[in-house]
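Survey of secondary and tertiary structure
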Number of protein chains: 2
Amino acid sequence: MDNRPNPPRKITILGVGLLGGSIGLAARRAISACKIIGYGHRRETLDAALKKGAIDEAFDQPENAVAGSDLVILCTPVGIFGKLIPQIAPALLPDALVTDVGSTKRSVVDLAQKLLPNPARFVGSHPMAGSEKRGVEFARADLFQNHLCLTTPTPQTAPAVLEAVESFWRSLGMKITRLTPQEHDRLLADVSHLPHAVAAALVAIQSEPGLALAGKGFLDATRIAAGDAALWRDIFLENHDNLRTGALALRDQLDHLLKLLDAKDGQTIKDWLEAAAARRKLMEKRPPT
Amino acid sequence: MDNRPNPPRKITILGVGLLGGSIGLAARRAISACKIIGYGHRRETLDAALKKGAIDEAFDQPENAVAGSDLVILCTPVGIFGKLIPQIAPALLPDALVTDVGSTKRSVVDLAQKLLPNPARFVGSHPMAGSEKRGVEFARADLFQNHLCLTTPTPQTAPAVLEAVESFWRSLGMKITRLTPQEHDRLLADVSHLPHAVAAALVAIQSEPGLALAGKGFLDATRIAAGDAALWRDIFLENHDNLRTGALALRDQLDHLLKLLDAKDGQTIKDWLEAAAARRKLMEKRPPT
């Protein structure tokens, strides 16, 4: 007997941008006879998603989009969840699975547990795929292939729900790592949110003559700064406490370097640079997440 | 009548690593009947450079390597220039052109003007090409193609020398921008040296579980941190004053962001992120330097 959860027959994607659109394309390829419903507040986006084949039906009201779906995925910016969840709550099937793709997890998990009719049937997800591009026109069926999806169950999450949601992400080619919402936000602040803030700051301090001299190193180091400002504002606001802790740790490292430079302590500077280089080189040797 | 400077007939490359080796390969392809001499302190490096065809003759004493050359290029780490220039000074042809490939320019220009027999025949160069790789085994004839070379003449530099050195870099496919040594070090601190320090600091603050979650954004943002530690230590020590100024400007930007987060000022945070994103996106549209 096959104990794997049944794949969903009807999926609702709330927000059909790069991630939502890619989920539609990937689910259509991975799951046979699965109907995909999209919600968006802009008609042009919905039309583009329909035309691209990312969704089968489009709605401009979230409560209409979730009716009858057995998997509902929140793909709007995290800042909208507080308004979106109460809208969909009354319209959900009692046994619908609900998840999201937000880049921070504490607040959405909180909101879901407070506002959903059956919090046990929610689990937070963070599929780590995407790019600085935005919009359904960049959606790809293989966006998730071999990438990592972080799931953030709580004691309230039903084990079968966790299994079913993870099974869905696996069917899109993802590998799963489970974290608490708190661990997620703390680790992601250091490895994703702070690097974004730093990249934006590195761009901000440049003079125009300096920018004209930028080489590949600068372009690589600041690529993420081209990301969507509204999306990152929401992430920063949601995760401000962890972002602050990370920024202070970064400042300590730079202060340490400046002190070593004052002391002309070349050996310790070299050791510091070598430790970072060794750690960074190790990362090249593993498969991308 | 052709007013372009005559190409060199004999070039000495002091230090045959990635840059020195690539200059040898590129010059051989660009300049017919040009003899290329290499100096290095390790026999294996010289043998590898000979085998690769990056140099025609190898010497393990710099004064022997420069004898009879009309173009001498210092390609060792900048920290060695103080020892190297006095060694070669007595052996140079009176009309030899001397340049370098150092990533900082004030100190080498100073040393050259103090220690060379004919400072008018020196001009500092900074060919902006390379990678986090090191060693002659990664040398490529096309390394410089379409990249920017910064030259840093001073009032002491003979105009004909500047023309001849720039003409050499152009023959390797480079575009030229002239700066004073002071401008060079100030601008490069912000656009290259500080980003390197920040990338190393971003790697240093991560926990192992955090590193396991790193995605493409983190890998891009920290790629430069894998660079050669000894080389970057020298750059940091040479340019510590400008690096400090840049680090303080970066701290001001991050403090500004943290204050906006405290105030939950989403609009100003979005404006700040949008300004950085707009600047960064503009950079994608121009040819790489």
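Just so it is clear, the model here is predicted, and its values are computed rather than measured.

**Thoughts on the interface of chain B and chain A**
On the chain A side, the residues contacting the 79 residues of chain B number 79 residues. Overall, the association of chain B and chain A removes approximately 7300 Å² of surface from exposure, summing both partners, and the carbon and sulfur fraction of that is 70%. Counting the surface chain B buries against chain A, the share from its top three residues, Leu-213, Arg-279 and Arg-280 of chain B, is 11%. Counting the contacts that link chain B with chain A gives eight salt bridges. One salt bridge connects Asp-262 of chain A with Arg-244 of chain B, and the closest N-O pair in it is separated by 2.9 Å. In terms of residue count, the dominant contributor to the side of chain B that touches chain A is helix α11 (residues 240-262) of chain B (15 residues). Split by residue class, the side of chain B that touches chain A holds 47 nonpolar, 14 polar and 18 charged.

**Structural notes on the sheet that holds strand β3 (residues 57-59) of chain A**
All names here are of chain A. With parallel pairing, five strands are arranged side by side in an open sheet as β3-β2-β1-β4-β5. This sheet does not close on itself; its edge strands, each paired only once, are β3 and β5 (97-100). Put simply, the sheet's adjacent strands are angled 20° from each other on average, direction ignored. By the bridge criterion, five bridges tie strand β1 (residues 10-14) to strand β2 (residues 35-39) in an arrangement that is parallel. If you follow Ile-13 over to β2, its bridge partner there is Gly-38. Along the sheet face, helix α4 (residues 81-88) touches β1, β2, β4 (71-74) and β5 and points at about 160° away from the line of β4.

**A short note on the sheet that holds strand β5 (residues 97-100) of chain B**
All names here are of chain B. Strand order in the open sheet made by the five strands is β3-β2-β1-β4-β5, with parallel pairing throughout. Each end of this open sheet is capped by a strand with a single partner; those strands are β3 (57-59) and β5. For this sheet, the mean angle separating the axes of adjacent strands, direction not counted, is 20°. Relative to strand β4 (residues 71-74), strand β1 (residues 10-14) is paired through four bridges, and the arrangement is parallel. Residue pairing in the sheet places Ile-11 in a bridge with Leu-71 of β4. Against the sheet, helix α2 (residues 43-52) makes contact with β2 (35-39) and β3, and its axis sits at roughly 170° relative to β3, the strand it touches most. Along the sheet, helix α6 (residues 159-171) contacts β1, β4 and β5; its crossing angle with β5, the most-contacted strand, is approximately 55°.

**A word on the state of the cysteines**
All names here are of chain A. Following the criterion strictly, the structure yields zero disulfides over all chains and no others. The thiol of Cys-75 is unpaired, and the distance to the nearest cysteine sulfur, on Cys-149, comes to 11 Å. Judged by relative accessible area, Cys-149 falls into the buried class, the value being 0%.

**Concerning the confidence of the model for chain A**
Of the residues in chain A, 97% have a pLDDT of 70 or more, and the chain-wide mean is 94. Taken together, the chains of this predicted complex give a pTM of 0.90 and an interface ipTM of 0.89.

**Re the packing of helix α7 (residues 181-204) of chain A against helix α7 (residues 181-204) of chain B**
Following both chains from N to C, one finds α7 of chain A and α7 of chain B inclined at 170°, their axes separated by 11 Å at the closest point. Put simply, α7 of chain A runs roughly antiparallel to α7 of chain B. Mapping the contact onto sequence places Leu-194, Pro-195, Val-198 and Leu-202 of chain A in α7 of chain A and Leu-194, Pro-195, Val-198 and Leu-202 of chain B in α7 of chain B. Considered class by class, the residues forming the contact of α7 of chain A with α7 of chain B number eight nonpolar, no polar and no charged.

**Observations concerning the pairing of strand β7 (residues 148-152) of chain B**
Residue and element names in this part refer to chain B. Of all the five residues making up β7, five are buried; the element is thus mostly covered by neighbouring parts of the structure. Every second residue of β7 is oriented toward a common face, with Leu-148, Leu-150 and Thr-152 on one face and Cys-149 and Thr-151 on the other, all of them buried. Summarising the sheet, strand β6 (residues 124-127) and β7 pair through four bridges and their orientation is antiparallel. Each bridged residue has a counterpart across the sheet, and for Pro-127 the counterpart in β7 is Cys-149.

Cut-offs used in this document
Residues numbered from 1 in each chain as written. Chains lettered and ligands numbered in written order. Predicted model: local features only at pLDDT ≥ 70, side-chain atom pairs only at ≥ 80, totals over all residues. Heavy atoms only, no water. Contact = heavy atoms within 4.5 Å. Buried area = accessible area lost by both parts, 1.4 Å probe. Salt bridge = Lys/Arg side-chain N within 4 Å of Asp/Glu carboxyl O. Helix = DSSP H or I, 4+ residues; strand = E, 2+ residues; numbered from the N terminus. Nonpolar A, V, L, I, M, F, W, Y, C, P; charged D, E, K, R; others polar. Pairing = 2+ DSSP bridges. Axes fitted to C-alpha atoms, helices over the stretch in contact; angles between N-to-C directions. Disulfide = S-S within 2.5 Å. Buried < 20%, exposed > 50% of the residue type's maximum accessible area, 1.4 Å probe, protein only. pLDDT = per-residue confidence, 0-100. Parallel < 35°, antiparallel > 145°, perpendicular 65-115°, else oblique.

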